[in-house]
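Tertiary structure, described
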Amino acid sequence: MPQHLAEKSVNSRHLTENCIDGVHIGQKVITSNHILPNVIGSEHLAKELKEQGLLPAGGIRGEDIQAGSVSREHLLDDTVDSDVLSEQAVGSEHIQESSIFSHHLVDESVQSHHLANEAVQSNHLSPQSVGSEHIQESSIFSHHLVDESVQSHHLADEAVQSNHLSPQSVSFEHIQENSIFSHHLVDESVQSHHLADEAVQSNHLSPQSVGSEHIQESSIFSHHLVDESVQSHHLVNEAVQSNHLSPESVGSEHIQESSISSHHLVDESVQSHHLADEAVQSNHLSKQSVSSDHIQESSISSHHLVDESVQSHHLANEAVQSNHLSPQSVGSEHIQKSSISSHHLVDETVQSHHLANEAVQSNHLSPQSVGSEHIQESSISSHHLVDETVQSHHLADEAVQSNHLSKQSVSSEHIQEGSVSSHHLVDESVQSRHLADGSITSRHLSPHSVGSEHLRINPIQAISDQQVVQQFGMSAFLLQGYEKSTEITILFDEPFDHPHYVLVAMTNHPAYYVTLKDRSLDMATVEISRLKDSSVNYGFITWIAIGSKSESTIVE
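Residues numbered from 1 in each chain as written. Predicted model: local features only at pLDDT ≥ 70, side-chain atom pairs only at ≥ 80, totals over all residues. Heavy atoms only, no water.

**Section: the overall build of the protein**
Assigned secondary structure in the protein consists of 1 helix and 6 strands. Start at the N end of the protein and walk to the C end: the helices and strands fall as α-β-β-β-β-β-β. Looking at the protein residue by residue over its 556 residues, the buried ones come to 15%. Partitioning the intrachain contacts of the protein with sequence separation of at least 6 by distance along the chain shows that 82% fall at a separation of at least 24. As displayed, the protein has an accessible area near 46,900 Å², and 50% of this comes from carbon and sulfur atoms. (Helix = DSSP H or I, 4+ residues; strand = E, 2+ residues; numbered from the N terminus. Buried < 20%, exposed > 50% of the residue type's maximum accessible area, 1.4 Å probe, protein only. Contact = heavy atoms within 4.5 Å. Areas by Shrake-Rupley, 256 points an atom, 1.4 Å probe, with all protein chains shown as cover.)

See below:
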């Protein structure tokens, strides 16, 4: 019942379709906002409205409609066609995006001014349409190049610099033989494992590295002596005889004044450097004795020449220069065909009327029309590059790897000084011929690396040429007043190979003597005993120990 419903409790969702009739609608309830567009037709209009001209029987004419009163909602679909549109009526603002297709365009209607910047992409270019003449200078970067497209014939001579080589890219197969010199080696980079057997020769030893203890007796001959190393104090009296004087050894300081006469001079022994300035006068010259080889260059001036004495056969090739020609003296009849090159022409002397028809071809036009921004990445391959076009400034740092270098392509002039370190050298690759004289000093020799087989002398003379080790030293001793003897342990700097070495010791005081009590490879124990009473209870011993390198050489 209506009394059961609260105010505003019935909403649209509670009403079924077609449940509201005209009886349910009050007067003046329906307003314009309740009516949908295109809902009211002529059948809805009252008769008096039609009679008053609001909707004429013949329809509404153009003059009956106010300008701008027909809106989009008043037009039926597909009402506006090409016949309705006037020329130039459709502007850019009337065209939807992506509405114009290729069939809408007239052939060649798209001109360069119609293209936006960067509108032409790679897919718009046909294959082989971009030639070298279209590419601007310095427009090709590394990202434009296909991997491995730069071949050896594209690289100009000396294009690969040190900054283009990546670390560890140069290996032994890239380095030419005899290409590594001393200035390529880092200090101390040549280690012992790089030296081949017998690689260190005498010329590699630095001065003062071989001492007198290394030289055998009677082993120094004349070829071992440095020039001027034998001084006067080395010579015995009257040791120098006439046969000892070498040619040219007697100088002017040894000759008395006016002691050389003409009979002392060999024929033609007086040379030009023996003559004082202006010593030769005209009376000393015989007739016809001065020839062309006696005349200095640029010594003959114009006043020396007789008129017309210079003939065409006197002129050397290209002797006549531009300064010798008078103005307007060279005519067309003097110029050979095809003898005028570009360097003969003054800038801008060739005008249009000098050029024959079709004389200028495409190869005469400079490039610069295609820039780097127009080239796809990895689109330039090796066949696009002219030989030697890739210079060093085109290569990025470390762009050249070891696989890019051909074998034997790296020689000494390509290696920077001080750039070859020890890890670059193959073991035993440094031979004796690679070592400069005096380059091996004592600091280069590792401990125990020089054996007796490397020495020209045996440090200690022993029987049967056996190799021996000798050690010596001093030790102090002290006895208490009541002691008759004391012991001292001698520690050797180098252990002997066996305990059968010889030890000799003595004291510095006649009241004491030394006896050997015990010995081992690295030490020996001696006893100092009183021989007689003495008020001195201290002193020192001196000792020498000598043993062979091998126990097999001991005579039983």
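More follows now that the structure is in view.
**Quick notes on the layout of surface pockets**
As a volume, the second largest pocket reaches approximately 410 Å³. V120, Q121, E373, H374 and I375 are, among the 14 residues lining the second largest pocket, the residues nearest its centre. The class makeup of the residues in the lining of the second largest pocket is 7 nonpolar, 5 polar and 2 charged. (1 Å grid on protein atoms, 1.4 Å probe; cavity = no way out; pocket = protein on both sides within 12 Å on 5 of 7 lines; lining within 4 Å. Points joined across faces, edges and corners; volume = space filled by probe spheres on them. Nonpolar A, V, L, I, M, F, W, Y, C, P; charged D, E, K, R; others polar.)

**Considerations on the pairing of strand β4 (residues 512-519)**
Bridging between β4 and strand β5 (residues 523-530) involves 7 bridges; their strand directions are antiparallel. Looking at the pairing, Y512 lines up with R530 of β5. (Pairing = 2+ DSSP bridges.)

**Quick look at the packing of aromatic side chains**
Counted according to the given criterion, the structure contains 5 aromatic pairs. With centroids separated by 4.4 Å and ring planes inclined at 20 degrees, the aromatic side chains of F496 and Y501 adopt a geometry described as stacked. Here the aromatic residues F492, F496, Y501 and W543 are joined through ring pairs into a cluster of three or more. Lying across the ring of Y501, R519 places its NZ or CZ 5.8 Å from the centre. (Phe/Tyr/Trp six-rings, centres within 6.5 Å; stacked < 30°, edge-to-face > 60°. Lys NZ or Arg CZ within 6 Å of the ring centre and 35° of its normal.)

**What about the side chain of S179?**
Here S179 lies in the loop between α1 (47-51) and β1 (468-478). Apart from residues lying up to four places away in sequence, S179 is in contact with H184, V410, S411, S412 and I415.

**A short note on the sheet that holds strand β2 (residues 485-491)**
Spatially, 3 strands are ordered β2-β5-β4 in an open sheet, and the strand pairing comes out antiparallel. For this open sheet the edge positions go to β2 and β4, each flanked by a neighbour on one side alone. Neighbour to neighbour, the strand axes of the sheet diverge by 25 degrees on average, direction disregarded. (Axes fitted to C-alpha atoms, helices over the stretch in contact; angles between N-to-C directions.)

**Notes on the pattern of salt bridges**
On inspection of all chains with the given rule, the structure shows 1 salt bridge. Note that E487 and K517 form a salt bridge whose closest N and O atoms lie 2.4 Å from each other. Of this pair, E487 sits in strand β2 while K517 is found in strand β4, placing the two residues 30 residues apart along the sequence. (Salt bridge = Lys/Arg side-chain N within 4 Å of Asp/Glu carboxyl O.)

**Looking at the sheet that holds strand β3 (residues 502-507)**
An order of β1-β6-β3 is seen for the 3 strands of this open sheet, with the pairing classed as antiparallel. Since the sheet does not close on itself, it has two edges, and those belong to β1 and β3, each with one partner. Between one strand and the next, the sheet's axes are offset by a mean angle of 15 degrees, whatever the strand orientation. Pairing of β3 with strand β6 (residues 538-548), which is carried by 6 bridges, proceeds in the antiparallel orientation. In the sheet register, M506 faces β6, and the bridge partner there is T542.

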